[in-house]
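Structure assessment
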Amino acid sequence: MELRQLESFVHVAELGSFTRASNYLSIAQPVLSRQVRALEVEFRQVLLERNGRGVTLTEAGKRFLEHGRSVLAQIERAQLDMEEGRGASTGRLVVALPPSVSLTLTAPLVRAFRDRFPKATLCVLEGLSTYVLEWLTIGRADCAVVYTVPTSSGIELAPVLNEQLYLVSGRATGTSSADASLSDEISLAEVSERNLVMPSRPHSIRMLVEATMAQASLKPRIALEIESIPAILTLVRDEDVHAILSRKAVRSSGHENDFHVRPIRRPTLETTLWIATSAQRPGGPLLNQTVSLLQNLLREYWTIGLENATTQRPSEVCERDDAAT
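Residues numbered from 1 in each chain as written. Predicted model: local features only at pLDDT ≥ 70, side-chain atom pairs only at ≥ 80, totals over all residues. Heavy atoms only, no water.

1. Re the pattern of salt bridges
A complete count under the given rule lists 15 salt bridges for this structure. The closest approach of N and O atoms between Asp238 and Arg237, which form a salt bridge, is 3.2 Å. Under the relative-accessibility criterion, Asp238 is labelled partly exposed at 45%. Here the residues in one salt-bridge network are Arg201, Arg206, Glu210 and Glu225, joined through shared partners. (Salt bridge = Lys/Arg side-chain N within 4 Å of Asp/Glu carboxyl O. Buried < 20%, exposed > 50% of the residue type's maximum accessible area, 1.4 Å probe, protein only.)

Set out below in structure tokens:
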């Protein structure tokens, strides 16, 4: 197996077409085809199904794609480490953020990273904490911000701060007599009587709510399962449902006045923000400095209001200082 064969396969698989991969890599399409075919002969398995619209991965191809991504990421990190050994903060760093954090932190992080590391490239991915941890494991991400998660020997976690969770209700949908005092706190038992809109498992807040209620012999009344926080807030505002979110998530929507937000007590519901890195791969100066930068930005933007925070919501954002190329 040769490195260029691996690179060719990964790009063809990710782009879904030999033609698109050929244009992206500036390599003749017959050359790409021969390189992928050589891998299939070596493994004695079909990795890609060819069709008139492009290619699709076989089961063997899906497995090999994860290995290929991991190998290429390791090689890239080795190159980065060698560059950093010469005192240059160069290379590409991938940071993964959960949606609620990405909404607030992406723009400040991009600006601070470009100012501090003008010769380096930053890529920001967005995903739920469970998926983000998988990306760390397979090498797709270098570090991540995650909410309360189970411990794993392959992941190193550094706590940054705790977030209070609140019951979020709409102002325009009317309230029952039980909601008459909306400025007061609300107990977990009272929360269990409300119709809730929440993300599905294994979202960290969903798992935390269910586990905490189970300890009190309670069960949440899940009326709707929605993965998107903006969509959850829209439903809370317009329908007779409630959500359990951090105040930061509500403020980030830009429509905080549309909602009643009450702290949940007895017991208090809190989720922890952590910075996660892989315990199986070396860090390097650029990663270590970026982790420190993330910690400072999180504490700053979760301590002050959002008045000066410019929001940018990516599924994937990559920033490079053009002067460095």
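2. Some remarks on the pairing of strand E1 (residues 48–51)
Two strands pair when backbone bridges link them, and E1 and strand E2 (residues 54–57) are joined in this way by four bridges, in the antiparallel orientation. Paired with Leu48 across the bridge in E2 is Leu57. Linking E1 to E2, which pair antiparallel, is a turn of two residues. (Pairing = 2+ DSSP bridges. Helix = DSSP H or I, 4+ residues; strand = E, 2+ residues; numbered from the N terminus.)

3. Let's talk about unusual backbone geometry
For the bond from Arg266 to Pro267, the omega torsion is -5°, close enough to zero to count as cis. Positive phi values are uncommon outside glycine, yet Ser26 reaches one of about 55°. Within the secondary structure layout, Ser26 lies in the loop between helix H2 (18–25) and helix H3 (29–43). For Ser26, a relative accessible area of 68% corresponds to the exposed category. The phi dihedral of Arg44 falls on the positive side, at around 55°, and the residue is not glycine.

4. Some remarks on H3
For H3, spanning 15 residues, the distance from its first C-alpha to its last is 22 Å, which sits close to the expected 21 Å at 1.5 Å a residue. When H3 is considered as a whole, its buried residues turn out to be Leu32, Gln35, Val36, Leu39 and Glu40. One side of H3 carries all its buried residues, which in axial view fall inside an arc of 140°. Exposed side chains of H3 directed beyond 90 degrees from the buried face belong to Pro30, Arg34 and Val41. (Expected span 1.5 Å × (residues − 1). Arc of directions from axis to C-beta.)

5. Details of the nonpolar core
Formed by 28 residues in total, the largest nonpolar core has its most connected members in Val101 and Leu298. Counting only elements with at least two residues in this core, the list comes to strand E3 (91–97), helix H5 (99–116), strand E4 (120–126), strand E5 (143–146), strand E6 (155–170), strand E12 (270–278) and helix H11 (285–303). In this structure, Leu298 is in contact with Val101, Leu105, Val145, Val160, Leu161, Leu273 and Ile275, ignoring residues within four places of it in sequence. (Core = buried A, V, L, I, M, F, W, Y, C linked by side-chain atoms within 4.5 Å. Contact = heavy atoms within 4.5 Å.)

6. Overview of the packing of helix H1 (residues 3–15) against H3
For the pair H1 and H3, interaxial distance at closest approach is 9 Å and the crossing angle is 105°. Classified by the angle their axes make, H1 and H3 are roughly perpendicular. Residues Arg4, Gln5, Leu6, Ser8, Phe9 and Val12 of H1 form the contact with H3, whose participating residues are Leu32, Gln35, Val36, Ala38 and Leu39. Its residues placed into classes, the contact of H1 with H3 shows seven nonpolar, three polar and one charged. (Axes fitted to C-alpha atoms, helices over the stretch in contact; angles between N-to-C directions. Parallel < 35°, antiparallel > 145°, perpendicular 65-115°, else oblique. Nonpolar A, V, L, I, M, F, W, Y, C, P; charged D, E, K, R; others polar.)

7. Observations regarding the packing of H1 against H2
Packed helix pairs are characterised by how far apart their axes lie and by the angle those axes make with each other. Two elements in contact, H1 and H2, have axes separated by 8 Å at closest approach and are oriented at 125°. The orientation of H1 with respect to H2, classified from their angle, is oblique. When you trace H1 past H2, the crossing you get is right-handed. Facing H1, whose interface residues are Ser8, His11, Val12 and Leu15, H2 presents Phe18, Arg20, Ala21, Tyr24 and Leu25. (Left-handed = near helix turned anticlockwise from the far one by under 90°.)

8. Comments concerning the confidence of the model for the protein
In this model, the protein carries a mean pLDDT of 82, and residues with pLDDT of at least 70 account for 85%. Mean pLDDT values over the elements of the protein span from 50, in strand E13 (residues 316–320), up to 95, in strand E8 (residues 195–198). Under a pLDDT of 50 for its full length, residues 174–182 has, in the predicted model, eight contacts with residues more than four places off or in other chains. Confidence drops under a pLDDT of 50 for residues 319–325, and excluding neighbours within four residues, the segment shows eleven contacts in the predicted structure. (pLDDT = per-residue confidence, 0-100.)

9. A closer look at the side chain of Thr272
Relative to the helices and strands, Thr272 resides in strand E12. Polar contacts involving the side chain of Thr272 include one to the side chain of Asn162, which spans 2.8 Å. (Polar contact = N/O pair within 3.5 Å; in protein donor to acceptor, adjacent residues only side chain to side chain.)

10. A closer look at the environment of His11
The residue His11 is located in helix H1 in this model. Sequence separation of His11 and Ser22 is eleven residues, and the distance between their C-alpha atoms is 8.9 Å. Beyond its immediate stretch of four places on either side in the chain, His11 contacts Ala21, Tyr24 and Leu25. Polar contacts involving the side chain of His11 include one to the main-chain carbonyl oxygen of Glu7, which spans 2.8 Å.

11. Some thoughts on helix H9 (residues 229–238)
Residues that lie three or four places apart on an α-helix share one face, since the helix turns once every 3.6 residues. Residues of H9 that are buried: Ile229, Ile232, Leu233 and Val236. All buried residues of H9 fall inside an arc of 95° around its axis, so they share one side. For H9, the elements touching its buried residues are H5, E6, E8, strand E10 (243–246), helix H10 (247–252) and strand E11 (259–265).

12. Thoughts on the packing of aromatic side chains
For the structure on display, the rule yields three aromatic pairs. An aromatic cluster of three or more residues is present, and its members are Phe9, Phe43 and Phe64. Its end group placed over the ring of Trp135, Arg140 keeps NZ or CZ at 4.7 Å from the ring centre. (Phe/Tyr/Trp six-rings, centres within 6.5 Å; stacked < 30°, edge-to-face > 60°. Lys NZ or Arg CZ within 6 Å of the ring centre and 35° of its normal.)

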